[in-house]
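# Residue-level structure breakdown
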Amino acid sequence: MSYQVNMSVKPEVKAFFDPATNTISYVVKDPASRACAVVDSVMDIDYAAGRITYDNADEIIAYIRENDLQLEWIIETHVHADHLSAAPYIQDKLGGKIGIGDQIMVVQDTFGKVFNEGTEFQRDGSQFDALFRDGDSYDIGTMRALALYTPGHTPACMTHVIGDAAFVGDTLFMPDGGSARADFPGGDAATLYESIQKILTLPDEMRLFMCHDYGPDGREIQWETTVGEERENNIHVGGGKSQEEFVRFRTERDATLDVPKLIIPSLQVNMRAGEVPTDEDGRPMLKVPVNAL
């Protein structure tokens, strides 16, 4: 499939870095109106204490209000395994629709079983306001946004192209960071390579915005690069590295990685569009599956 992008549209992008999870969230504003979108918001959790707070989300909300913006979309690039989404909290304060890729249903089915969810847990993506398929478009004010299906890290990953800016989720990291792991249930290194190649067919000048950065070798945190820079210099796929090379490297490396610290609460919350599950008495409650991940 060929994708039509409009490089003449240059959205204003404000980044918010969460040092606890090394996540970057974004407010993406239409330069021709007050409309904006939020991409990959973060809800704070003290997992040991079982306490949820909203400092990161409140910072985003304050920015939108202070700049008199109109929130139209709250986008999740995928079901994150390393932080909790603040989408419903932000929606309650500012409105907007929550959107994710339509393969969320695969994730819900997989982890519905892991967490032994009952029949009351709907596995049809109905917790979200919009489910995007590959090539779907939606509007943020006068801007046309395009959803590209880029699985491999998870089966539900999407890259969102908005004018000359693309929000790649965990599909890519900065050039010196490489790429994300592909060993979660439903992940696949060969598929991830193909998805990265899809992103790298976009124009060289396309701005790419990362969901995570870990400051390799002690450098300062960064989150913006370009397609051209990734194609040439990405340490995992740049310079024409083959799929075979990538799969071999990714498989060997993934076998050495620890499970993300917040994977258990993150998956339960994020597959519900950011809502915390409750027990039979309606109290917020998380489960800890044993020997299941």
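Summary of the structure given here. Here the residue index of a chain counts from 1 through its sequence in written order. Local features in this predicted model are restricted to residues whose pLDDT is 70 or higher, and side-chain atom pairs enter the listing and the counts only when it is 80 or higher, whereas totals over whole chains, interfaces and linings include all residues. Side-chain measures were taken over the full set of non-hydrogen atoms in the model, leaving aside hydrogen atoms and water.

## Some thoughts on the packing of helix α4 (residues 189–199) against helix α6 (residues 243–254)
In this analysis, axes come from line fits to C-alpha atoms, helices being fitted only over the stretch in contact, and the angle between any two N-to-C directions falls in the range 0 to 180 degrees. Where helices and strands are cited, they refer to DSSP runs of H or I of at least four residues and of E of at least two residues respectively, numbered from the N terminus. With their axes 9 Å apart at the nearest point, α4 and α6 run at an angle of 130° to one another. The angle between α4 and α6 places the two elements in the oblique class. Handedness of the crossing formed by α4 with α6: right-handed. Residues A189, A190, L192, Y193, E194 and I196 of α4 lie in contact with α6, whose contacting residues are Q243, F246, V247, R250 and T251. Grouping the amino acids of the contact of α4 with α6 by side-chain chemistry returns seven nonpolar, two polar and two charged. Any angle that is under 35 degrees is reported as roughly parallel, and any over 145 degrees as roughly antiparallel; angles of 65 to 115 degrees are reported as roughly perpendicular and all others as oblique. A clockwise turn of the near helix away from the far one marks a right-handed crossing, whereas an anticlockwise turn of less than a right angle marks a left-handed crossing. Here, residues are in contact when the closest pair of their heavy atoms is within 4.5 Å. Under the grouping applied here, Gly and all other residues not named as nonpolar or charged are polar, the nonpolar ones being Ala, Val, Leu, Ile, Met, Phe, Trp, Tyr, Cys and Pro and the charged ones Asp, Glu, Lys and Arg.

## Comments concerning empty space enclosed by the protein
Definitions used throughout: a 1 Å grid over protein atoms alone; a cavity as a set of points that fits a 1.4 Å probe which cannot get out; a pocket as an open set with protein on both sides within 12 Å along at least five of seven lines; a lining residue as one with an atom within 4 Å of a point. Grid points are joined across faces, edges and corners, and a volume is the space filled by probe spheres set on the points. This structure, assessed with the given rule, holds one cavity of 30 Å³ or more. There is about 80 Å³ of room inside the largest cavity. Lining the largest cavity are V79, H80, A81, V107, F111, H153, T154, P155, F184, P185, I263 and L267. Mapped by element, the contributors of at least two residues to the lining of the largest cavity are α3 (104–114) and α7 (263–270). Per-class residue counts for the lining of the largest cavity are nine nonpolar, three polar and no charged.

## Structural notes on the pattern of salt bridges
Take a side-chain nitrogen of Lys or Arg and a carboxyl oxygen of Asp or Glu: if they are within 4 Å of each other, that pair is a salt bridge. Summed over all chains, the structure comprises 17 salt bridges. Notably, a salt bridge pairs E117 with R272, separated by 2.8 Å at the nearest N-O pair. Taken together, the residues E117 in the loop between α3 and β8 (130–132) and R272 in the segment after α7 connect sequence positions 155 residues apart. Across the pair R219 and D176 runs a salt bridge, and its minimum N-O distance is 2.6 Å. Within this pair, whereas R219 is found in the loop between β13 (207–209) and β14 (224–226), its partner D176 is found in the loop between β12 (165–167) and α4, the two being separated by 43 residues in sequence. Partly exposed describes any residue whose relative accessible area lies between the buried limit of under 20% and the exposed limit of over 50%, with all areas from a 1.4 Å probe on protein chains only and scaled to the type maximum. Exposure remark for R219: the relative accessible area of 17% places this residue in the buried category. What you see here is one network of salt bridges that share partners, running through K10, D164 and R207.

The quantities given are spatial measurements derived from coordinates; they are silent on function.
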